[in-house]
Amino acid sequence: MKSFLIWSIKIYQRFISPLFPPSCRFYPTCSNYALQAIKKHGAILGLLMGVSRILRCNPFVKGGIDYVPKYFSLRRNPDKNDPDK
């Protein structure tokens, strides 16, 4: 399941994402965040983290740097500048 999710996100990045103008509020982009979360935390937890990140991407959120946290969390990474925390 993990490899299927990674494959699906890469297909999205390659063929669907270029059709739309760049508009992501966060760095890394939501699709890259989901890829990293799935690789780091597994298919189910990584998918939950990716969906949570997509739901946070709205006009009422400031955006900015938000790396995948070291431990599973559905909230924004508390230390935005350090990917190892």
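Residues numbered from 1 in each chain as written. Predicted model: local features only at pLDDT ≥ 70, side-chain atom pairs only at ≥ 80, totals over all residues. Heavy atoms only, no water.

As recorded in an unreviewed UniProt entry, the protein chain goes by the name Putative membrane protein insertion efficiency factor, listed as coming from Ligilactobacillus ubinensis. Taken from UniProt, the Sequence similarities (unreviewed entry) comment for the protein chain reads in full: "Belongs to the UPF0161 family." (UniProt positions renumbered as here; feature names shortened; annotations may be inferred.)

### Quick notes on the nonpolar core
Counting residues in hydrophobic clusters, the biggest one holds seven residues: Leu5, Ile6, Ile9, Ala34, Leu35, Ile38 and Ala43. Of all the secondary-structure elements, those providing two or more residues to this core are α1 (2-16) and α2 (30-41). Filtering out sequence-adjacent residues up to four positions away, Leu5 remains in contact with Ile38, Ala43 and Leu47. (Core = buried A, V, L, I, M, F, W, Y, C linked by side-chain atoms within 4.5 Å. Buried < 20%, exposed > 50% of the residue type's maximum accessible area, 1.4 Å probe, protein only. Helix = DSSP H or I, 4+ residues; strand = E, 2+ residues; numbered from the N terminus. Contact = heavy atoms within 4.5 Å.)

### Some points on helix α3 (residues 43-56)
Along its 14 residues, α3 runs 20 Å from first to last C-alpha, staying within 8% of the 20 Å computed at 1.5 Å per residue. Restricting attention to buried positions, one finds in α3 the residues Ala43, Gly46, Met49, Gly50, Ser52, Arg53 and Arg56. (Expected span 1.5 Å × (residues − 1).)

### Details of the packing of aromatic side chains
Scanning the entire structure with this criterion turns up two aromatic pairs. Considering the side-chain rings of Tyr27 and Tyr67, the 6.3 Å spacing of their centres and the 85° angle between planes classify their relative orientation as edge-to-face. Of this pair, Tyr27 sits in strand β1 (residues 26-27) while Tyr67 sits in the segment after β2 (64-65), and the two are 40 residues apart along the sequence. With relative accessibility at 22%, the residue Tyr67 sits in the partly exposed group. Its end group placed over the ring of Phe15, Arg14 keeps NZ or CZ at 5.8 Å from the ring centre. Here the guanidinium or amino end of Arg56 rests over the ring plane of Phe26, the centre of that ring lying 6.0 Å away. (Phe/Tyr/Trp six-rings, centres within 6.5 Å; stacked < 30°, edge-to-face > 60°. Lys NZ or Arg CZ within 6 Å of the ring centre and 35° of its normal.)

### Considering α1
Over its 15 residues, α1 extends 20 Å from the first C-alpha to the last, a length consistent with the 21 Å expected when each residue adds 1.5 Å. Leu5, Ile6 and Ile9 are the residues of α1 that are buried. Projected onto a plane normal to the axis of α1, the buried residues spread over an arc of 100° and lie on a single side. Those residues of α1 that are exposed and aimed more than 90 degrees away from the buried face are Ser3, Phe4, Trp7, Arg14 and Phe15. (Arc of directions from axis to C-beta.)

### Observations concerning the environment of Gly42
Tracing the backbone through its elements, the reader meets Gly42 in the loop between α2 and α3. Placed 41 residues apart in sequence, Gly42 and Met1 show a C-alpha to C-alpha distance of 9.3 Å. Setting aside anything within four residues of it in sequence, one finds Gly42 in contact with Ala37 and Leu47.

### A few points about the packing of α1 against α2
Relative orientation and spacing of two packed helices are given, respectively, by the angle between their axes and the distance between those axes. Viewed as axis vectors pointing N to C, α1 and α2 meet at an angle of 165°, and their least axial separation amounts to 10 Å. Judged by the angle between their axes, α1 and α2 are roughly antiparallel. Between α1 and α2 lies a crossing of left-handed hand. Across from Lys2, Leu5, Ile6, Ile9, Lys10, Tyr12 and Gln13 in α1, the residues of α2 making contact are Ser31, Asn32, Ala34, Leu35, Ile38 and Lys39. (Axes fitted to C-alpha atoms, helices over the stretch in contact; angles between N-to-C directions. Parallel < 35°, antiparallel > 145°, perpendicular 65-115°, else oblique. Left-handed = near helix turned anticlockwise from the far one by under 90°.)

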